[in-house]
Structure formats: structure tokens, C-alpha cells
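Structure assessment
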Amino acid sequence: MSNPSPDMKFLIVDDFSTMRRIIRGLLKEIGYNNAEEAEDGTVALNMLKNGKFDFVVSDINMPNMNGFELLKAIKADDTLKHLPVLMVTAEARKEDIVLAAQTGAAGYIVKPFTKATLEEKVQKIMQKLTAAA
């Protein structure tokens, strides 16, 4: 199992600060200490365009710009489209999962999730990326 690269920078997008804190805490436990937070897709997109991020963890249901709209915007931007986006959803609705895959999400994860699940998802996605690079 490859060790996480501690300097990898995450952007956590969720309209609930508690959820962002939980995800941030889990990432820290896994070994990723570099994370920033955004409360919706609009803020997230701005941050992504102005900063350097390596990985996006985004909730689907958010005001202003939801996770799918954010994902579409990321994939439509040449400077951002390489970014892996892990979608977080409260309910594993089949159509959401299909839409996430079709829109280019790197994966999805259903709330509530454990550190182990998050770690496994992130690692799988990173392995795919290194294999593709």
C-alpha cells in the first residue's frame, strides 16, 4: 500500500461546516494534512481557479452550485479537468451514481462513511491516476 503524499492538497466542498470538519479530520488521520474548505460549488470553483489543488471531495446537494454543476465546471475547464473529484452523497440513488460517472467523477462515497472507506476510495483514485499518467 502506497503512503499518502502529505503535501497533496484537498478541497472539501460541503454546505455543512460539520461535515467539512469531519472529512478534514478523516483526511488528517489518513495522513493528508493539507486541506481547504468551500461551502458551495461557486466558492469552490473560485478557489480551484486561483489556487493549486490536487483532489476535490464534493458533496452533491448544495445551494448556489451543487456538486454536479461543480463537477461539470471542473471538467469543462482545461486547467482543472485533470483533477480527481470524489462525490459525497447522503443517499446512494442509482441515477446520481450514473450521472456522477458520466460527468467524470473519479468516484463517489455515501454518507456516513468511515476513515477506512474514505482512505480506500482516495487510494483507488490515486492509483488509477498514476497508472494513467
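Here the structure is shown first, and the text comes after it.
This one's a predicted model, so the numbers in the text were calculated from it and none came from an experiment.

A short note on helix α3 (residues 67-76)
Within the sequence span of α3, burial applies to G67, F68, L70, L71 and I74. Viewed along the axis of α3, the buried residues span an arc of 160°, placing them on a single side of the element. On its buried side, α3 packs onto β1 (9-13), α2 (41-50), β3 (55-59), β4 (85-89) and α4 (94-103). The residue sitting at the N-terminus of α3 and contributing the capping side-chain oxygen is N66; that oxygen lies 2.9 Å from the backbone nitrogen of F68.

Concerning the side chain of T103
By the secondary structure assignment, T103 is in helix α4. A polar side-chain atom of T103 sits 2.5 Å from the main-chain carbonyl oxygen of L99. Every residue in contact with T103, bar those within four places of it in the chain, is listed here: F68, L71, K72 and K75.

A short note on the nonpolar core
One recurring pattern in soluble globular proteins is that nonpolar side chains are buried together. Counting residues in each nonpolar core, the largest one holds 21 residues, and the members touching the most others are L11, V13, L48, V56, L70, I74 and M87. When contributions to this core are tallied by element, the ones reaching two or more residues are β1, α2, α3 and β4. Take this core: its biggest share by element is four residues, from α3. Discounting residues that sit within four places of it in the chain, L11 has contacts with E36, E37, A38, A44, M47, L48, F53, F55, V56 and V57. Listed in part, the 19 residues of the second largest apolar core include I23, I30, F55 and L86.

Side note on the packing of helix α1 (residues 17-30) against helix α5 (residues 115-132)
Closest axis-to-axis distance for the α1/α5 pair is 10 Å, and the angle between their directions is 70°. By the angle between their directions, the pair α1 and α5 is classed as roughly perpendicular. Where α1 abuts α5, its residues I23, L26, L27, E29 and I30 lie against K115, L118 and E119. Partitioned by chemical class, the residues of the contact of α1 with α5 number five nonpolar, no polar and three charged.

Criteria and cut-off values
- Residues numbered from 1 in each chain as written.
- Predicted model: local features only at pLDDT ≥ 70, side-chain atom pairs only at ≥ 80, totals over all residues.
- Heavy atoms only, no water.
- Buried < 20%, exposed > 50% of the residue type's maximum accessible area, 1.4 Å probe, protein only.
- Helix = DSSP H or I, 4+ residues; strand = E, 2+ residues; numbered from the N terminus.
- Arc of directions from axis to C-beta.
- Contact = heavy atoms within 4.5 Å.
- Polar contact = N/O pair within 3.5 Å; in protein donor to acceptor, adjacent residues only side chain to side chain.
- Core = buried A, V, L, I, M, F, W, Y, C linked by side-chain atoms within 4.5 Å.
- Axes fitted to C-alpha atoms, helices over the stretch in contact; angles between N-to-C directions.
- Parallel < 35°, antiparallel > 145°, perpendicular 65-115°, else oblique.
- Nonpolar A, V, L, I, M, F, W, Y, C, P; charged D, E, K, R; others polar.

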